[in-house]
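# Secondary and tertiary structure notes
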Amino acid sequence: MEKKITSSSPFAKPYPWAITLLLLPPSLLALSYLLPYSADLRLPFIVTSCGGPSPTATTKATPTAEPDFRLLIGIHTVPAKYHRRHALRLAYFLQQQPTASPMARVSIRFILCNVAKEEDQLIVALEIMHHDDIIILNCTESAERGKTYTYFSSLPAMFEGGERPPYDYVMKTDDDTYLRLDELVKSLKGKAKRNVYYGTGLPFQDREHPPFMLGMGYILSWDLVEWIASSEIARNEPNGIEDTLTGKWLNSGDKARVRYNMFPKMYDYRGGEGNDFEAETIAVHQLKEDLRLVRTLKHFNVTTGLKASKLYHIP
Ligand SMILES: *[C@@H]1O[C@H](CO)[C@@H](O)[C@H](O)[C@H]1NC(C)=O
Ligand SMILES: *[C@@H]1O[C@H](CO)[C@@H](O)[C@H](O)[C@H]1NC(C)=O
C-alpha cells in the first residue's frame, strides 16, 4: 500500500530514511542496520576499521572486499533477557564504522541454550525473524553445565558447507561485558591466526603464558574451535567453571601455544568516573546492573551523535 504525500500532509518533508524504511520489506529492514550483507552466511555482520581516513555515514562498505580477518563474537545470555539484548544491539550498532576498505568482518550473535519456556519461545522467534542474530544450542542454560563446550564444539557443523574457515577467530563473551569493537579489531590486526588464545590471563603473575583467560571475553582461533569439537579431552570434561576449563583442555592437549594477554585493557568495572576507565579499553566487565552499562556507554560517548530536536529532550 502506498500513500501519496501531499504538501498539506504533516509528513510533507519526509526524512530520506523514512522513505527507505517504507519501501523495504520487513525482512530487509532487520539487515539494513547491519549493512553490508553477508551472502555467504546469510546473516548480518559489522565491518570495522581502524586508522585511515575517517569514514562518513554515507560511505558504503564493499561487501565483496576481502577482510583481513573474520571474527564471530558469541554473547552468552539467557532467553528472558530481552531488555539487555536490546541495549547491546543498540550499543554495538552505533559502533559500526563502514569504510571502503574493511579490515575485519565482525559478526555478533547472542548464544542461547534450548528455549524451554513458551513465552520465551515466541519472543525469541520474533527476534530471530527481525534481527537474525541468535544461535540456539542444544544445551542446558548454565555456564557450568557445558554451555561453553557445546558452543565451541557445535560451530564447525553449524557453518559446514560455507567458506572455509567461516571465521578466523571465535570469541566467547557474556551479556555483562561491553566490548569496544574498534579497539578489539585493532588489537587483532597482524596477529597469528592459528593456535591462538586471546584474553585477559589469570593468574596475573604469568603474563607471557597464562594458564587460562577470564570468561569476560576470550578468543580462540578457528583451528582450536575445530580441535575442541573433535577432542576426547574436551568431550570427557564438558562441565565445570567455564573459563578455567577451556584453559585446562588447551593445556592438556598442548594447544594454544600463541597466547595474547590483553591485561590491563580488559577489566572489571571500577566506577563511572573518567579515571575508572583505561584509554585503550577493549572490554569492561561486571555490567549486570543497567546503571553500570549506562555509565560505561556514557564514558565512551556513544550518544555524541544525538541531534538536537524540538521533538525530544534528554538531560
Ligand atoms: C539434544 O541433545 C540430546 C541429548 O544429547 C539429544 O537426545 C537430542 O536429540 C538433541 N536434540 C537436538 C535437537 O539435536
Ligand atoms: C568523550 O567526549 C569528550 C568531549 O568531546 C572528550 O573530551 C572525551 O575525551 C571523549 N571520551 C572518550 C573516551 O573518547
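Residues numbered from 1 in each chain as written. Chains lettered and ligands numbered in written order. Predicted model: local features only at pLDDT ≥ 70, side-chain atom pairs only at ≥ 80, totals over all residues. Heavy atoms only, no water.

As annotated in an unreviewed UniProt entry, the chain carries the name Hexosyltransferase and is attributed to Ananas comosus. In its Cofactor (unreviewed entry) section, UniProt records this for the chain: "Mn(2+)". Per UniProt, the chain has the following entry under Pathway (unreviewed entry): "Protein modification; protein glycosylation." (UniProt positions renumbered as here; feature names shortened; annotations may be inferred.)

## What about the overall build of the chain?
Across its full length, the chain carries ten helices and 15 strands. Scored against the burial criterion, the 315 residues of the chain give a buried share of 46%. For the chain, long-range pairs separated by at least 24 residues make up 72% of all intrachain contacts whose partners lie at least 6 apart in sequence. (Helix = DSSP H or I, 4+ residues; strand = E, 2+ residues; numbered from the N terminus. Buried < 20%, exposed > 50% of the residue type's maximum accessible area, 1.4 Å probe, protein only. Contact = heavy atoms within 4.5 Å.)

## Some points on the packing of helix α5 (residues 147–158) against helix α7 (residues 222–230)
Contact pair α5 / α7: the axes reach a minimum separation of 8 Å and the direction vectors enclose 105°. Of the possible angle classes, the one that applies to α5 and α7 is roughly perpendicular. Across the interface between the two elements, Y149, F152, S153, L155 and P156 of α5 pack against W222, V225, E226, I228 and A229 of α7. (Axes fitted to C-alpha atoms, helices over the stretch in contact; angles between N-to-C directions. Parallel < 35°, antiparallel > 145°, perpendicular 65-115°, else oblique.)

## Looking at a nonpolar patch on the surface
A cluster of nonpolar side chains, namely L122, I123, L126 and M129, defines an oily patch on the protein surface of about 410 Å² accessible area. By secondary structure assignment, the location of L126 is in helix α4 (residues 118–131). The class for L126 is partly exposed, based on a relative accessible area of 45%. (Patch = residues over 30% accessible without salt bridge, like charges linked within 9 Å, V, L, I, M, F, W, Y side chains within 5 Å. Areas by Shrake-Rupley, 256 points an atom, 1.4 Å probe, with all protein chains shown as cover. Salt bridge = Lys/Arg side-chain N within 4 Å of Asp/Glu carboxyl O.)

## Points about the pattern of salt bridges
Enumeration according to the criterion identifies 17 salt bridges in this entry. The closest approach of N and O atoms between R84 and D290, which form a salt bridge, is 3.1 Å. Of this pair, R84 sits in helix α3 (residues 82–93) while D290 sits in helix α10 (residues 290–299), placing them 206 residues apart in sequence. For E183, the salt bridge goes to K186, with nearest N and O atoms at 3.4 Å. Residue E183 and its partner K186 are located together in helix α6 (residues 181–188), separated by three residues, close to a single helical turn. Within the structure, one salt-bridge network assembled from shared partners comprises R85, R89, E127 and D133.

## A word on the site of ligand 2
Taken together, H299, F300 and N301 form the complete shell of residues around ligand 2. In this structure, N301 approaches ligand 2 through a side-chain N or O atom, which is 2.4 Å from an oxygen atom. For ligand 2, whose free accessible area comes to 370 Å², the fraction covered by protein is 29%. (Near = heavy atom within 4 Å. Polar contact = N/O pair within 3.5 Å; in protein donor to acceptor, adjacent residues only side chain to side chain.)

## Here we look at the pairing of strand β7 (residues 169–174)
Residues in a regular strand point their side chains to alternate faces of the sheet. Among the six residues of β7, six are classified as buried, and the element is accordingly described as predominantly covered. Burial along β7 is two-sided: the face carrying Y169, M171 and T173 and the face carrying V170, K172 and D174 are both buried. Two strands pair when backbone bridges link them, and strand β4 (residues 69–76) and β7 are joined in this way by six bridges, in the parallel orientation. Opposite H76, over in β7, you have D174 as the bridge partner. Pairing of β7 with strand β12 (residues 217–221), which is carried by five bridges, proceeds in the antiparallel orientation. Counterpart to T173 in the pairing with β12 is G217. (Pairing = 2+ DSSP bridges.)

## A few points about α6
Structurally, the α-helix is built with 3.6 residues per turn, so residues lying three or four positions apart point the same way. For α6, the tally of buried residues reaches six of eight residues, placing the bulk of the element in the interior. For α6, the set of buried residues is L181, E183, L184, V185, S187 and L188. Just downstream of α6 lies G190, where phi reads positive at about 80°.

## A look at the state of the cysteines
Throughout the structure, instances matching the rule amount to one disulfide. Two residues share a disulfide in this structure: C113 and C139, whose sulfurs sit 2.0 Å from each other. Taking the sign of the S-S torsion, about -90° here, the bridge from C113 to C139 comes out left-handed. Pair noted here: C113 is in the loop between β5 (104–112) and α4 and C139 is in the loop between β6 (134–136) and α5, with a separation of 26 residues, a long-range link. For the residue pair C113 and C139, the accessibility class agrees, reading buried in each case. (Disulfide = S-S within 2.5 Å.)

## As for the environment of G274
Along the chain, G274 turns up in the loop between β14 (266–268) and β15 (283–285). Once the C-alpha coordinates of G274 and H299 are considered, the two residues, 25 residues apart in sequence, prove to be 6.8 Å apart.

## Thoughts on the packing of aromatic side chains
Scanning all chains against the criterion turns up ten aromatic pairs. Ring centres 5.6 Å apart and planes at 80° place the aromatic pair F69 and Y169 in the edge-to-face group. Highlighted residues: F69 in strand β4 and Y169 in strand β7, separated in sequence by 100 residues. As far as the burial class goes, F69 and Y169 line up, both buried. Between the aromatic rings of Y197 and Y218, the centroid separation amounts to 6.1 Å while the plane-to-plane angle is 90°, which identifies the pairing as edge-to-face. Taken together, the residues span a long stretch of sequence, with Y197 in strand β9 (residues 196–199) and Y218 in strand β12 at a distance of 21 residues. The pair Y197 / Y218 is uniform in exposure class, with both members buried. By the ring-pair criterion, three or more aromatic residues cluster together here, those being Y92, Y178, Y269, F277 and F300. The ring of Y260 carries the charged tip of K191 above its face, separated from the ring centre by 5.1 Å. The ring centre of Y267 lies 4.3 Å from the NZ or CZ of R270, which sits over that ring. (Phe/Tyr/Trp six-rings, centres within 6.5 Å; stacked < 30°, edge-to-face > 60°. Lys NZ or Arg CZ within 6 Å of the ring centre and 35° of its normal.)

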